[in-house]
Structure formats: structure tokens, C-alpha cells
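Analysis of the macromolecular model
Listed here are the chains, written in short residue letters.
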Amino acid sequence: MLFPIMTSTRTLISLNGLWNFQMDKGIGFNEKWFETGLKNPIRMPVPASYNDIYEGAEFRDHVGWVWYEREVVIPSSFLGQRMLLRFGSVTHEAKIYVNGELLKEHMGGFTPIEVELEGHVHGGSNRVTVAVNNVLDYTTLPVASYREEQMDGLGNIKINTPNFDFFNYAGIQRPVYLWIMPNTYVQDITITPSIIGANGLIAYTVETKGVADVKISVCDEDGVEVAKGTNDTGEVVIENVHLWQPLKSYLYHFVVELYQSGQLVDRYEEPFGVRSVEVANGEFLINGKPFYFKGFGKHEDFPLHGRGFDEVVNVKDISLMKWMGANSFRTSHYPYSEEMMRLADREGLVAIDEVAAVGLHLNFGSLVFGDGKKHDTWGELQTKHAHEQAIQELIQRDKNHACVVMWSIANEPASEEEGAYEYFAPLVELTKELDTQKRPVTIVTHMFATADRCKVADLIDVLAFNMYYGWYEFGGQLELAKVRFRAVLDAWTKRLPNKPMMLTEFGADTVAGLHDVTDTMFTEEYQVANLKASHEVIDETPNFVGEQVWNFADFYTSQGVMRVQGNKKGIFTRDRKPKLSAHYLRQRWSNTHL
Ligand code: GCB
């Protein structure tokens, strides 16, 4: 899938800005708001999560449908061309109407939606209406429990409880565009680079709509053409190739032009990097050199915007990561905006790209906070279809990104329960089959899925652990935590001596400004001590290929007795001020031995 850009043959018009907005208490579809227009709209910025824009729990915690609407003026000169309405994402379910007509339905809140407009719009003013539903359940990714209950005095209440630890922000959270292009057009480009000696070998496939002659060329960063071809599928060689390297990126442009009778009809440019990724002998190799992941699990999360796209925050976050000596992040726990992935390509940040498969564990916490029953996670969940779709859409969208070095197809599933292997084996296979670059695949596991219990470890290329010794186990007892952590890792080394392993999460909740001389949980000093304790252990462990701290910044969550206005495991506060640990990590990560 192509990222929306302007070229000499394509026009891109932003539809960001203020849209009309209305909450729906269950009457919108009956009253046909898509036909009548919204009756009592308020103003809503797009892109943004709607939850924190207006006051009141009823607004923030609304469960169900909301409606967005705006007029889109189409110049008559565009009619007859291909017109796309393109949403970076709509979270989680969308029904998109144009002039009252339902043109698209989409489920899955973190991948783009394209709506073909030709034949459904006229020159002048057209009305776009988007009904957005934030309900999640046992069939969706992420996973949540959903039920309706009759409550005295309140009537029928919808209770939607996330099975994950971030706020269920929703709405039109990424940019919206009108994209106009010729009817004969480049539909997709797949680039598969490899390195042969000093040269880059670029295998490519160009998909087109309509009959045209295809010309492709590769341009370097100075705009100089370094390779060219005339087929829609083939290989070209870049001599003396500049490699894309972690923190030292180099991006070529793959330019596709379509010609009819010698006339240019469409042109598209895709940036790409030449690098190799491989797992061998317990190492993670980028361009044949061992790579050690230093960085974070993150969230798209910021005050007021919620999960809404924010270029300022993205640039700042990458700048802060570089300031710390970090070289990587995981898109925990859902695909991030395409703009962020392009920025990571440009800045040389390495990414583990994750689908929104979080919450696939029905026994985590259910004994304390849930219904107290023992569940059969893989028997009860019905996420297979959503999961396949999520993997397909992620790879379709992100396949050409140099920054993506590994796919994560789930976070903390019930990998220790019967049925996990059978659930995941086909999904790992699907991921490998779809990715022409054959990047490594991982499943991020939780700390209780130990080496003797985990059923998916043989399926994956890198063991990616979320382990909170010194927090969820042996909190405040770091000497004990180290002993347990060491034993757990030793058991993994014994089970899979040749598999690289890394931490994708470790850390401690820390309230900025809280201090103590003797290590005490929640203080800034304890966060440092906790990280140091983990470092002591992993530095002694063979085949350890990286550490990503949880989390880059504090982030908002559902309310609960474990969360103080959100999750406080950030190394930065939610508004990006450093805690003590930022300075400690900066020192460690600037150390070249890692
Ligand atoms: C985890 C989850 C992450 C949570 C984190 C925590 O293991 O993957 O989503 O936020 O723990 O802080 O508890």
C-alpha cells in the first residue's frame, strides 16, 4: 500500500482540521444521521483521539458509536480521475458514507483505509460522514471483554473492559486526505533489497492499474539516477551501494513512471534503504554485523491528543531517544503512524513492528480483578480472523521500511496455555510468507511463560521477553529479584542455546519527584536501581541481543488500583521531562561495549 504523497501526476489535499462530531447513544443509525446530517454537532479536531477534548467521564469513557462529518469541496476538474479518500486510521471500527451512501466498512484501528470516490461525488460540496465505534471484544485486536447489563436506575449499561494496559483512545486519530491521481496508476510497489559484495541488488515488483509502459529508476540522496529498468518486475543493481545503517541512514528513492504513447501518465516515489537482517548463531545481524537493541517500548500517547497523530511529539521522541544513545523502539502495542515509520527510516531508528495483538490472555489478573474463573484462552478467543487481517495489513503497509527489522505478531499472549502453538504456528507462517524480505518474526512473551512452560518459543526467531523482576515479582527486593531473573534466563539458555534473546520490557513505576535514600518502590532512585539490577543479570547472559525499557514515557491507561493517573513506568514523564533514570540509561547506552 502506498503512502499518500504529491507527485507531478498526483494531487493531495488535506482534510485535517475541524470536523463536526456527535456522540451516539444508540439512535444514529435509526435516524440515518448519514443522510440527514448531524443534528447537534460539536467541533472536533482531526487527527486526534476524541476522548480528552471535552470534559466529563460520559464523554471520555463513552462506549459505542460516535459520528464525524464534514463537507468536502471537489473541484470539477478532478471528476473523471481516480479519487481516494484516505484515512491513516480510524479506531477501531469505521463506516464511511459519502453523500449518504455507505462506501466502506473497516475493522482494525491502526491501519489505513482507502475509499474509492469516483462515481459517488460531484463537483462542489459533498458530505463525508464517518461512524466510529470503539467497542472491542473477544473477536477483535486488541482484546477486551464486552457485556451489557441492566442496572437499577441506569438502564442498559455497556461495560467494555480492555484486556490491555493503555487507554482505549478512539476516533479519527491519523491524517485524512483526498488523493487524486490518473485512472492508469501505480497501485503498489514491493522492494526487496539484498547486499552482494559492495553492491545492492534490488528485486522489485510494481503493480499497476490500466495498461501502460513502466519505467523504474533508483535515485540516490543527491537525486542522481544510479539504476533503471523497464519492467514491472525485476532486479536492478546499485553499484557501491550506501547501506542503511542503524543511526546512520541512507535512503534511495525508487521512482516509478507509467507512460502511454510516450506520455507520462503517473509517477510515484518510494524511499527505501538497502540493508540486510539476519538471525544466526545467537546473534541479530544487521548488514552482517551484530546489533544490540537499545531503546524502548513506547506508546502513541500525549496529553490532550491522546493517541492522535502529532508530528511534534514524534520528532521530539526520536530526538530524545538519540540523546540517550538509544537505537531502537518497538511499536508496542499496535502499528504506529506511517509518518512515524518514515521518520524512523530517515533517522536510522530501528523498529520492531507490532500488530495490535495484545490482551490474548484470559487468565492474567482474572483471578484478582476478573470473574475468578480459570479460562481456556485459546478455546474462548475468536481472534484468528482479525489477527490474520492485522498481519496482512501491517505487512502491506510497512513492507518497504528499512527501519523495520522484525515483526512482532503478539504481545504477552497465553503462550503457556494449551492451544498456543496451534494458534500461532499458522500466523508465523503467514507472516514469513507475506514478507518478501523474510525478516525475523517474534512473539513477545510474559514473565510467567517460563522456559519450561512456553509453547511458542520454537516458532520464533528471537526470544523477546517482558520481565519485571524487582517489580511484579520481588518488588522492592532487588537482591532476590536478581537471583530469580538469573535462574529464569539460565533455563532459557539451556532450552534454546542458539536463539538470541532480548528484553522487550522491564522497568518500574516511578512517580516523578518522589525520592528516597534507601531504595523504595515508586521513587526515581528505585527505578535506576531496578534497571541496574536487570542490567547486571543480562550483561552476564550469552546471546543477549538487546534491552528495550518499558516505557519511553508515562502514558494514560484505564483507571484501576494499580495505576495513578496512568502507567508511570516512563523514563520520561508524559510531557517528556526526564526522570533520574534517563541520565543513568544515557550513560550506559553511550558506552560502546553494548
Ligand atoms: C506488560 C505489558 C504492558 C504493560 C506493562 C506494565 O507486560 O506488555 O502493556 O503496560 O506490562 O507496566 O504492567
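Above this text is the structure in question.
Quick look at the structure, then. (Residues numbered from 1 in each chain as written. Predicted model: local features only at pLDDT ≥ 70, side-chain atom pairs only at ≥ 80, totals over all residues. Heavy atoms only, no water.)

Some details on the overall build of the chain
For the chain, the helix and strand inventory stands at 11 helices and 30 strands. What you see for the chain is a C-alpha radius of gyration of 24 Å, in line with the 25 Å of a compact globule of 594 residues. Along the first, second and third principal axes, the C-alpha set of the chain runs to 75 × 75 × 45 Å. Classification of the 594 residues of the chain by burial places 59% in the buried group. (Helix = DSSP H or I, 4+ residues; strand = E, 2+ residues; numbered from the N terminus. Rg over C-alpha atoms; globule rule 2.2 N^0.38 Å. Buried < 20%, exposed > 50% of the residue type's maximum accessible area, 1.4 Å probe, protein only.)

Observations regarding the environment of Asn498
Within the secondary structure, Asn498 sits in the loop between helix 9 (478-495) and strand 29 (501-505). With a relative accessible area of 59%, Asn498 lands in the exposed category. Those residues in contact with Asn498, other than ones at most four positions away along the chain, are Asn281, Gly282 and Asn543. (Contact = heavy atoms within 4.5 Å.)

Remarks on helix 3 (residues 311-324)
Here helix 3 contains 14 residues, and its C-alpha end-to-end distance of 20 Å stays within 8% of the 20 Å for a straight helix at 1.5 Å per residue. Turning to helix 3, the residues buried within the fold contact strand 23 (293-297), strand 24 (328-330), helix 4 (338-347) and helix 11 (580-589). Near the N-terminus of helix 3, the side chain that reaches the backbone nitrogen of Val312, with its oxygen 2.9 Å away, is that of Asp310. Residue Gly325 follows helix 3 closely and has a positive phi angle near 85°. (Expected span 1.5 Å × (residues − 1). Polar contact = N/O pair within 3.5 Å; in protein donor to acceptor, adjacent residues only side chain to side chain.)

As for the site of the ligand
What surrounds the ligand is a group of 13 residues, the closest being Asp165, His333, Glu412, Tyr472 and Lys569. Within the side chain of Asp165, an N or O atom sits 2.5 Å from an oxygen atom of the ligand. In this structure, an oxygen atom belonging to the ligand sits 2.7 Å away from a side-chain N or O atom of His333. Bound to the protein, the ligand loses 91% of the 320 Å² it would expose on its own. Partitioned by chemical class, the residues of the shell around the ligand number 4 nonpolar, 4 polar and 5 charged. (Near = heavy atom within 4 Å. Areas by Shrake-Rupley, 256 points an atom, 1.4 Å probe, with all protein chains shown as cover. Nonpolar A, V, L, I, M, F, W, Y, C, P; charged D, E, K, R; others polar.)

Observations regarding the sheet that holds strand 28 (residues 463-466)
Reading around the circumference, 23-24-25-26-27-28-29-30 is the order of the 8 strands in this closed barrel, with parallel pairing throughout. Recorded for the sheet is a direction-independent mean angle of 25° between the axes of neighbouring strands. Two elements, strand 28 and strand 29, share 4 bridges in a ladder whose sense is parallel. Across the sheet, residue Asn466 finds its bridge partner in strand 29, namely Glu505. (Pairing = 2+ DSSP bridges. Axes fitted to C-alpha atoms, helices over the stretch in contact; angles between N-to-C directions.)

Observations regarding the pairing of strand 21 (residues 283-286)
When strand 20 (residues 277-280) meets strand 21, the two strands line up antiparallel, connected through 4 bridges. When the bridges of strand 21 are listed, Val279 appears paired with Phe284. Where strand 21 meets strand 22 (residues 289-290), 2 bridges bridge the pair, whose relative direction is antiparallel. When the sheet's bridge partners are listed, Leu285 is paired in strand 22 with Pro290. Taken together, strand 21 and the strand that follows it, strand 22, pair antiparallel across an intervening segment of 2 residues, in which Asn287 is found at a positive phi of about 55°.

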